[in-house]
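Each chain is listed here by its residues.
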Amino acid sequence: MVQRVLLAEDDHVLRGQLIDLLTERQFVVESFGDGAAALDFGLNQTFDLAVIDLGLPKLPGLELVKTLRASGLDQPILILTARGDWHDKVEGLEAGADDYLVKPFHIEELVARLGALSRRADGALQTTLSLGPLSVDVKAKAVSVGKVALSLTAYEYGLLTLFLRRPGQIVSKNELADHLYQEDMDRDSNVIEVFIGRLRRKLAAETSELQIETHRGQGYRLMQHCVS
Ligand code: CA
(Lines give C-alpha, C1' and ligand atoms only; values in the text may rest on other atoms or scores of the structure.)
Protein backbone atom coordinates (compact mmCIF):
# COMPACT_ATOMS: atom_id res chain seq x y z
CA MET A 1 0.00 0.00 0.00
CA VAL A 2 1.12 3.52 -0.71
CA GLN A 3 2.70 5.15 2.31
CA ARG A 4 2.12 8.83 2.90
CA VAL A 5 5.15 10.57 4.34
CA LEU A 6 5.05 13.88 6.20
CA LEU A 7 8.38 15.52 5.40
CA ALA A 8 9.58 18.60 7.31
CA GLU A 9 12.89 19.93 5.98
CA ASP A 10 13.81 23.57 5.48
CA ASP A 11 16.82 23.01 3.22
CA HIS A 12 15.05 23.31 -0.10
CA VAL A 13 17.72 21.45 -2.06
CA LEU A 14 17.62 18.46 0.26
CA ARG A 15 13.82 18.68 0.46
CA GLY A 16 13.57 18.58 -3.34
CA GLN A 17 15.89 15.58 -3.53
CA LEU A 18 13.96 13.72 -0.86
CA ILE A 19 10.64 14.44 -2.57
CA ASP A 20 11.99 13.16 -5.90
CA LEU A 21 13.64 10.07 -4.52
CA LEU A 22 10.86 9.05 -2.14
CA THR A 23 8.26 9.64 -4.85
CA GLU A 24 10.28 7.41 -7.20
CA ARG A 25 10.08 4.75 -4.52
CA GLN A 26 6.29 4.94 -4.43
CA PHE A 27 5.89 7.08 -1.34
CA VAL A 28 3.42 9.96 -1.40
CA VAL A 29 5.27 12.92 0.07
CA GLU A 30 3.66 15.87 1.84
CA SER A 31 6.50 18.32 2.35
CA PHE A 32 6.91 21.43 4.47
CA GLY A 33 9.72 23.94 4.88
CA ASP A 34 8.91 24.93 8.45
CA GLY A 35 7.74 23.28 11.64
CA ALA A 36 4.50 25.22 12.01
CA ALA A 37 3.15 24.21 8.58
CA ALA A 38 4.18 20.60 9.21
CA LEU A 39 2.39 20.64 12.57
CA ASP A 40 -0.77 22.04 11.02
CA PHE A 41 -0.75 19.25 8.47
CA GLY A 42 0.14 16.58 11.02
CA LEU A 43 -2.73 17.49 13.30
CA ASN A 44 -5.32 17.77 10.53
CA GLN A 45 -4.44 15.25 7.84
CA THR A 46 -3.53 11.61 7.66
CA PHE A 47 0.00 10.30 7.19
CA ASP A 48 1.76 6.98 7.73
CA LEU A 49 5.30 8.08 8.53
CA ALA A 50 7.08 11.34 9.33
CA VAL A 51 10.60 12.49 8.48
CA ILE A 52 11.43 15.57 10.52
CA ASP A 53 14.57 17.70 10.45
CA LEU A 54 15.42 18.92 13.95
CA GLY A 55 16.60 22.36 12.83
CA LEU A 56 13.42 23.93 11.47
CA PRO A 57 12.23 27.55 11.39
CA LYS A 58 9.02 28.69 13.13
CA LEU A 59 8.74 25.55 15.24
CA PRO A 60 11.84 23.46 16.04
CA GLY A 61 11.73 19.80 14.98
CA LEU A 62 11.91 18.67 18.60
CA GLU A 63 8.79 20.67 19.48
CA LEU A 64 7.06 19.35 16.40
CA VAL A 65 7.73 15.76 17.45
CA LYS A 66 6.63 16.45 21.04
CA THR A 67 3.42 18.15 19.94
CA LEU A 68 2.48 15.39 17.50
CA ARG A 69 3.03 12.79 20.22
CA ALA A 70 1.17 14.86 22.83
CA SER A 71 -1.84 14.94 20.52
CA GLY A 72 -1.89 11.15 20.51
CA LEU A 73 -0.39 10.50 17.08
CA ASP A 74 1.61 7.29 17.10
CA GLN A 75 2.90 7.04 13.53
CA PRO A 76 6.60 6.28 13.16
CA ILE A 77 8.79 9.39 13.18
CA LEU A 78 12.35 9.53 11.91
CA ILE A 79 14.36 12.63 12.75
CA LEU A 80 17.16 14.14 10.70
CA THR A 81 19.98 15.94 12.39
CA ALA A 82 22.74 17.93 10.76
CA ARG A 83 25.09 17.38 13.63
CA GLY A 84 26.61 14.21 15.00
CA ASP A 85 25.80 15.53 18.46
CA TRP A 86 24.48 12.70 20.61
CA HIS A 87 22.40 15.15 22.65
CA ASP A 88 20.26 15.79 19.60
CA LYS A 89 19.63 12.13 19.05
CA VAL A 90 18.79 11.49 22.69
CA GLU A 91 16.47 14.47 22.91
CA GLY A 92 14.79 13.52 19.66
CA LEU A 93 14.19 9.96 20.77
CA GLU A 94 13.00 11.12 24.17
CA ALA A 95 10.59 13.50 22.48
CA GLY A 96 9.00 10.51 20.81
CA ALA A 97 10.93 9.89 17.60
CA ASP A 98 11.49 6.26 16.68
CA ASP A 99 14.74 6.56 14.79
CA TYR A 100 17.24 9.12 13.51
CA LEU A 101 19.63 9.72 10.66
CA VAL A 102 22.61 12.03 10.73
CA LYS A 103 23.17 14.18 7.64
CA PRO A 104 24.56 13.58 5.15
CA PHE A 105 22.91 10.22 4.60
CA HIS A 106 22.28 8.01 1.64
CA ILE A 107 18.72 7.92 0.36
CA GLU A 108 18.73 4.11 0.40
CA GLU A 109 19.50 4.26 4.09
CA LEU A 110 16.47 6.50 4.62
CA VAL A 111 14.22 4.24 2.55
CA ALA A 112 15.44 1.17 4.45
CA ARG A 113 14.81 2.86 7.80
CA LEU A 114 11.33 3.97 6.75
CA GLY A 115 10.54 0.44 5.61
CA ALA A 116 11.68 -0.99 8.92
CA LEU A 117 9.72 1.64 10.85
CA SER A 118 6.51 1.01 8.98
CA ARG A 119 6.80 -2.76 9.40
CA ARG A 120 7.45 -2.29 13.08
CA ALA A 121 4.49 0.05 13.30
CA ASP A 122 2.19 -2.38 11.53
CA GLY A 123 3.16 -4.98 14.06
CA ALA A 124 3.24 -2.89 17.19
CA LEU A 125 0.39 -0.48 16.66
CA GLN A 126 -3.20 -1.22 15.98
CA THR A 127 -3.21 -4.56 14.21
CA THR A 128 -6.95 -4.84 13.79
CA LEU A 129 -9.35 -2.23 12.48
CA SER A 130 -13.02 -2.98 12.86
CA LEU A 131 -16.51 -1.64 12.53
CA GLY A 132 -19.55 -3.79 13.27
CA PRO A 133 -19.07 -7.13 11.52
CA LEU A 134 -16.15 -5.80 9.49
CA SER A 135 -12.65 -6.60 10.61
CA VAL A 136 -9.29 -5.84 8.99
CA ASP A 137 -6.08 -7.52 10.04
CA VAL A 138 -3.64 -4.78 9.08
CA LYS A 139 -0.58 -6.99 9.32
CA ALA A 140 -1.96 -9.66 7.02
CA LYS A 141 -4.01 -7.18 4.97
CA ALA A 142 -6.91 -9.58 5.44
CA VAL A 143 -10.47 -8.29 5.46
CA SER A 144 -13.47 -10.17 6.75
CA VAL A 145 -17.15 -9.54 7.31
CA GLY A 146 -18.27 -11.83 10.08
CA LYS A 147 -16.62 -15.11 9.18
CA VAL A 148 -16.50 -14.42 5.46
CA ALA A 149 -13.20 -13.29 3.94
CA LEU A 150 -13.53 -10.32 1.61
CA SER A 151 -11.27 -10.12 -1.40
CA LEU A 152 -10.30 -6.52 -2.15
CA THR A 153 -7.94 -4.90 -4.62
CA ALA A 154 -5.13 -2.76 -3.23
CA TYR A 155 -7.10 0.42 -3.94
CA GLU A 156 -10.27 -0.87 -2.34
CA TYR A 157 -8.26 -1.98 0.66
CA GLY A 158 -6.63 1.46 0.86
CA LEU A 159 -10.00 3.20 0.82
CA LEU A 160 -11.51 0.88 3.39
CA THR A 161 -8.65 1.22 5.86
CA LEU A 162 -8.72 5.01 5.54
CA PHE A 163 -12.43 4.99 6.39
CA LEU A 164 -11.80 2.73 9.36
CA ARG A 165 -9.04 4.99 10.64
CA ARG A 166 -11.43 7.94 10.49
CA PRO A 167 -14.44 6.56 12.34
CA GLY A 168 -17.65 8.50 11.84
CA GLN A 169 -15.92 11.15 9.75
CA ILE A 170 -16.62 12.29 6.22
CA VAL A 171 -13.51 11.80 4.10
CA SER A 172 -13.19 14.06 1.08
CA LYS A 173 -12.47 12.81 -2.43
CA ASN A 174 -9.23 14.77 -2.39
CA GLU A 175 -8.11 13.08 0.76
CA LEU A 176 -9.00 9.68 -0.62
CA ALA A 177 -7.07 10.49 -3.79
CA ASP A 178 -4.10 11.71 -1.75
CA HIS A 179 -4.14 8.51 0.23
CA LEU A 180 -4.16 6.34 -2.88
CA TYR A 181 -2.09 8.05 -5.49
CA GLN A 182 1.19 9.67 -6.19
CA GLU A 183 0.87 13.45 -6.49
CA ASP A 184 1.46 13.50 -10.20
CA MET A 185 -0.98 10.78 -11.08
CA ASP A 186 -4.28 11.35 -12.78
CA ARG A 187 -6.56 12.66 -10.06
CA ASP A 188 -9.81 12.17 -11.92
CA SER A 189 -12.41 12.00 -9.16
CA ASN A 190 -14.50 9.64 -11.29
CA VAL A 191 -11.88 7.02 -10.55
CA ILE A 192 -12.50 7.40 -6.82
CA GLU A 193 -16.23 7.04 -7.49
CA VAL A 194 -15.61 3.81 -9.35
CA PHE A 195 -13.50 2.40 -6.51
CA ILE A 196 -16.09 3.48 -3.94
CA GLY A 197 -18.82 1.83 -6.02
CA ARG A 198 -16.90 -1.45 -6.16
CA LEU A 199 -16.15 -1.41 -2.46
CA ARG A 200 -19.79 -0.66 -1.72
CA ARG A 201 -20.95 -3.63 -3.78
CA LYS A 202 -18.48 -5.98 -2.11
CA LEU A 203 -19.60 -4.86 1.34
CA ALA A 204 -23.28 -5.00 0.41
CA ALA A 205 -22.89 -8.58 -0.80
CA GLU A 206 -21.95 -9.61 2.74
CA THR A 207 -23.79 -7.25 5.05
CA SER A 208 -26.46 -4.57 5.03
CA GLU A 209 -25.14 -3.20 8.31
CA LEU A 210 -22.32 -1.18 6.75
CA GLN A 211 -22.84 1.56 4.25
CA ILE A 212 -20.59 4.01 2.50
CA GLU A 213 -22.63 7.19 2.47
CA THR A 214 -22.16 9.84 -0.18
CA HIS A 215 -22.20 13.40 1.13
CA ARG A 216 -22.54 15.61 -1.89
CA GLY A 217 -19.75 18.12 -2.24
CA GLN A 218 -18.08 16.80 0.92
CA GLY A 219 -17.06 13.20 0.44
CA TYR A 220 -17.84 9.78 1.82
CA ARG A 221 -18.38 8.20 5.19
CA LEU A 222 -18.47 4.59 6.28
CA MET A 223 -21.26 4.05 8.77
CA GLN A 224 -22.74 1.18 10.67
CA HIS A 225 -26.51 0.97 10.55
CA CYS A 226 -28.37 -1.27 12.91
CA VAL A 227 -30.62 -3.73 11.19
CA SER A 228 -33.33 -5.74 12.83
CA1 CA B 1 17.38 22.44 8.96
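Our structure is the block above this text.
Residues numbered from 1 in each chain as written. Predicted model: local features only at pLDDT ≥ 70, side-chain atom pairs only at ≥ 80, totals over all residues. Heavy atoms only, no water.

K.L.:
Kindly report on the layout of surface pockets, identifying the contributing residues and their values.
P.N.:
The method is simple in principle: a probe with the dimensions of a water molecule rolls over the atoms, and the space it marks as empty is what remains. The space that makes up the second largest pocket amounts to roughly 150 Å³. Contributing to the lining of the second largest pocket are Lys173, Glu193, Ile196, Arg200, Thr214, His215, Arg216, Gly217, Gln218, Gly219 and Tyr220. Secondary-structure elements contributing two or more residues to the lining of the second largest pocket are helix H8 (189-206), strand E10 (210-215) and strand E11 (219-224). No other element matches H8, which puts three residues into the lining of the second largest pocket. Here the residues of the lining of the second largest pocket are counted per class, giving two nonpolar, five polar and four charged. (1 Å grid on protein atoms, 1.4 Å probe; cavity = no way out; pocket = protein on both sides within 12 Å on 5 of 7 lines; lining within 4 Å. Points joined across faces, edges and corners; volume = space filled by probe spheres on them. Helix = DSSP H or I, 4+ residues; strand = E, 2+ residues; numbered from the N terminus. Nonpolar A, V, L, I, M, F, W, Y, C, P; charged D, E, K, R; others polar.)

K.L.:
Residues and numbers for the coordination of the calcium ion, please.
P.N.:
Every protein donor of the calcium ion is listed here as Asp10 (OD), Asp53 (OD) and Gly55 (O), and their distances to the metal cover 2.1 to 2.3 Å. Mapping the donors of the calcium ion onto the primary sequence gives the spacing D-x42-D-x1-G. In this pair, Asp10 is assigned in the loop between strand E1 (3-8) and helix H1 (12-24) and Gly55 in the loop between strand E3 (49-53) and helix H3 (61-70), connecting sequence segments 45 residues apart. According to the relative accessible area criterion, Gly55 is partly exposed, its value standing at 37%. (Donors = N, O, S within 2.8 Å, 3.2 Å for Na, K, Ca; no water. Buried < 20%, exposed > 50% of the residue type's maximum accessible area, 1.4 Å probe, protein only.)

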